[in-house]
Amino acid sequence: CRLIMCPPPPCRVKNMATSASSKLNKAVKQQYMDLPQGGKVQALYIWIDGSGEGLRCKTRTLDSEPKAVEDLPEWNFDGSSTYQSEGSNSDMFLIPVAMFRDPFRKDPNKLVLCEVLKYNRTPAETNLRHTCKQIMSMVQNNHPWFGMEQEYTLLGIDGHPFGWPSNGFPGPQGPYYCAVGADKAYGRDIVESHYRACLYAGVQICGTNAEVMPAQWEFQIGPCEGINMGDHLWVARFILHRVCEDFGVVVSFDPKPISGNWNGAGCHTNFSTKDMREEGGLKVIEDAIEMLAKRHSYHIRAYDPKGGLDNARRLTGHHETSNIDEFSAGVANRGASIRIPRMVGQEKKGYFEDRRPSANCDPYIVTEALVRTCLLKEEGEEPNDYSK
Ligand SMILES: *[C@@H]1O[C@H](CO)[C@@H](O)[C@H](O)[C@H]1NC(C)=O
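Because the structure is a prediction, the values reported are computed rather than measured.

## Description of the pairing of strand E3 (residues 75-78)
- Residues Trp75 and Phe77 point to one face of E3 and are all buried, whereas Asn76 and Asp78, pointing to the other face, are not buried.
- Two strands pair when backbone bridges link them, and E3 and strand E4 (residues 91-101) are joined in this way by four bridges, in the antiparallel orientation. For tryptophan 75, the partnering residue across the bridge sits in E4 and is leucine 94.

Structure representation (structure tokens):
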């Protein structure tokens, strides 16, 4: 646990299956949202809190529409209320790093993803973007591309999976993956709203589907180069939380929300470099996998926010996962740590898929770890420090 202060376990409101705010009259709200906004712009600043998983946000007014992220002012917040600092020196800085259109308030309003710096302007403990950015700039000539498949589970605010019978379980897995029909697809309104909101925002979403467990879904972000992978995935997660709030439903990125014979939730990561995508790329992919094989435990520590403990519940070797203690790779093998897609095996170039990252992983450290091992050829348990 790399927290300054560990957050309490998520609050579960008992005996209350829907949220009060989701029942407010949305038509009344719309009357106000249709008012002109007097030439001003609302900018919603978003950041990752001290849990490394939670997102926080707050709004400020700008006098004119920012054209680039450089036009956005720095801001600050009270870190003692976000598990990010201890009382004294609790002011933290918000540094705008990526700007998107706001699908909730619409143009000209903005979503602004921020890095968090401490009072002394060093990165906050859960600001993993800072180092990721440095590593990505070291390899920019290799044009590392990523695609991430974000699996998630919809829950009622009582913590029970959305649409599941209140005193039991739905029928066993089988009919739900990519399903259609009221008895098989649970919560599609949320999925549709999220997809369109991401497209409006300018988030690089490339697909979505229902997953193996009922109330479990997936969206895909990519291809994104370098630091953009983390930026786009975090904003897509924010938009999903925000859409779910409107519907009175909660999204969970827990890697194993329901124990037993139910699939967990991962964040499979496709990765390629320029050399892998060109003629002879399969050899480069095989060399990268050889490097990964020697560094399995470093990757496992990076692939969930609890250093492997979360993923230990998911990577059991069952339910289309590999075993957390063993590294494996194979063509079209969903039970392997690394899967080479069948097409890539045939065309002898392309990309590979790392199936180990947990649904609640931080994409900044996942992409950074892949680049360190496969491109910077690092070995051993600790990442190199290039600042020395
Ligand atoms: C990753 O690769 C798989 C095929 O191996 C593909 O189906 C999927 O859409 C890709 N996902 C992303 C996010 O690029």
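## Digging into the UniProt feature "domain: GS catalytic" (unreviewed entry) in the chain
- Under the UniProt annotation, the feature "domain: GS catalytic" (unreviewed entry) is placed at residues 128-388.
- In the segment residues 128-388, helix accounts for 34% and strand for 17%; the C-alpha atoms at its two ends are 19 Å apart.

## Things to note about the sheet that holds strand E5 (residues 110-117)
- Taken in spatial order, the five strands line up as E2-E1-E5-E4-E3 in an open sheet, and their pairing is mixed. Of all strands in the sheet, those with a lone pairing partner are strand E2 (55-62) and E3, marking the two edges. Neighbour to neighbour, the strand axes of the sheet diverge by 40 degrees on average, direction disregarded.
- Inspection of the sheet shows E4 paired to E5 by eight bridges, in the antiparallel sense. Bridge pairing links arginine 101 to lysine 110 in E5.

## Some details on empty space enclosed by the protein
- Taken as a whole, this structure holds three cavities of 30 Å³ or more when the rule is applied.
- Its boundaries defined by the atoms lining it, the largest cavity holds a volume of some 80 Å³.
- What lines the largest cavity is Ile48, Gln84, Leu113, Cys114, Glu115, Val116, Thr126, Asn127, Leu128, Arg129 and Tyr364.
- In terms of residues, the lining of the largest cavity owes the most to one element, E5, which gives four residues.
- Taken together, the residues of the lining of the largest cavity break down into six nonpolar, three polar and two charged.

## Details of unusual backbone geometry
- The amide bond that connects aspartate 107 to the next residue, proline 108, takes the cis arrangement and shows omega of 5 degrees.
- At the junction of glycine 222 and proline 223, the peptide bond is cis and its omega measures out at -10 degrees in the coordinates.
- As for its placement among the helices and strands, proline 223 is situated in strand E8 (residues 216-225).
- The phi dihedral of cysteine 178 falls on the positive side, at around 55 degrees, and the residue is not glycine.
- Tracing the backbone shows cysteine 178 in the loop between strand E6 (145-155) and helix H3 (188-201).

## What to know about the environment of serine 88
- If you trace the backbone, serine 88 turns up in the loop between E3 and E4.
- Look at serine 88 and you get exposed, because its relative accessible area is 63%.

## Here we look at the layout of surface pockets
- As a volume, the second largest pocket reaches approximately 420 Å³.
- Lys29, Gln30, Met33, Phe104 and Arg105 are the residues nearest the centre of the second largest pocket, which is lined by 18 residues in total.
- When residues of the lining of the second largest pocket are traced back to their parent elements, those giving at least two are helix H1 (26-33) and helix H4 (228-247).
- Among the elements that take part in the lining of the second largest pocket, H1 stands out by supplying five residues, more than any other.
- Its residues assigned to classes, the lining of the second largest pocket comprises six nonpolar, four polar and eight charged.

## Thoughts on the site of the ligand
- Around the ligand, the neighbouring residues are Gly147, Met148, Glu149, Gln220, Ile221, Asn270, Arg339, Pro341 and Tyr351.
- Side-chain polar atom of asparagine 270 to an oxygen atom of the ligand: 2.4 Å apart, as the coordinates give it.
- Tyrosine 351 has a polar side-chain atom sitting 3.0 Å from an oxygen atom of the ligand.
- Contact with the protein chains hides 69% of the accessible area of the ligand, taken as 370 Å² for the molecule alone.
- The set of elements that each furnish at least two residues to the shell around the ligand consists of E6 and E8.
- No other element matches the three residues that E6 contributes to the shell around the ligand.
- Taken together, the residues of the shell around the ligand sort by class into four nonpolar, three polar and two charged.

## Focus on the pattern of salt bridges
- For the structure shown, the criterion picks out 26 salt bridges.
- Here glutamate 65 and lysine 67 are joined by a salt bridge, their closest N and O atoms 3.6 Å apart.
- Accessibility expressed as a relative area gives 32% for glutamate 65, which makes it partly exposed.
- The class of lysine 67 is exposed, set by a relative accessible area of 65%.
- The partner of arginine 372 in a salt bridge is glutamate 368, with the nearest N and O atoms 2.8 Å apart. Of this pair, arginine 372 and glutamate 368 both sit in helix H10 (residues 363-374), four residues apart, roughly one helical turn.

## Quick word on the packing of helix H2 (residues 129-138) against H10
- One way to put it is that H2 packs onto H10 with a least axis distance of 9 Å and a crossing angle of 30 degrees. Of the possible angle classes, the one that applies to H2 and H10 is roughly parallel. Along this stretch, H2 crosses H10, giving a crossing that reads as left-handed. In contact with Arg129, Thr131, Cys132, Ile135 and Met136 of H2, H10 contributes Tyr364, Thr367, Glu368, Val371 and Arg372.

## What to know about the nonpolar core
- One finds Tyr152, Val203, Ile221, Ile239 and Phe352 to be the most contacted residues of the largest nonpolar core, which totals 70 residues.
- Sorting elements by how many residues they give to this core places H4 first, with 10 residues.

## Describing the side chain of glutamate 115
- Of note, glutamate 115 is situated in strand E5.
- For glutamate 115, a relative accessible area of 9% gives the class buried.
- Within polar-contact distance, the side chain of glutamate 115 engages the side chain of asparagine 127 at 3.0 Å.
- Beyond its immediate sequence surroundings of up to four residues, glutamate 115 is in contact with Phe93, Leu94, Ile95, Val97, Asn127, Arg129 and His130.

What counts and how
Residues numbered from 1 in each chain as written. Predicted model: local features only at pLDDT ≥ 70, side-chain atom pairs only at ≥ 80, totals over all residues. Heavy atoms only, no water. Buried < 20%, exposed > 50% of the residue type's maximum accessible area, 1.4 Å probe, protein only. Helix = DSSP H or I, 4+ residues; strand = E, 2+ residues; numbered from the N terminus. Pairing = 2+ DSSP bridges. UniProt positions renumbered as here; feature names shortened; annotations may be inferred. Axes fitted to C-alpha atoms, helices over the stretch in contact; angles between N-to-C directions. 1 Å grid on protein atoms, 1.4 Å probe; cavity = no way out; pocket = protein on both sides within 12 Å on 5 of 7 lines; lining within 4 Å. Points joined across faces, edges and corners; volume = space filled by probe spheres on them. Nonpolar A, V, L, I, M, F, W, Y, C, P; charged D, E, K, R; others polar. Near = heavy atom within 4 Å. Polar contact = N/O pair within 3.5 Å; in protein donor to acceptor, adjacent residues only side chain to side chain. Areas by Shrake-Rupley, 256 points an atom, 1.4 Å probe, with all protein chains shown as cover. Salt bridge = Lys/Arg side-chain N within 4 Å of Asp/Glu carboxyl O. Parallel < 35°, antiparallel > 145°, perpendicular 65-115°, else oblique. Left-handed = near helix turned anticlockwise from the far one by under 90°. Contact = heavy atoms within 4.5 Å. Core = buried A, V, L, I, M, F, W, Y, C linked by side-chain atoms within 4.5 Å.

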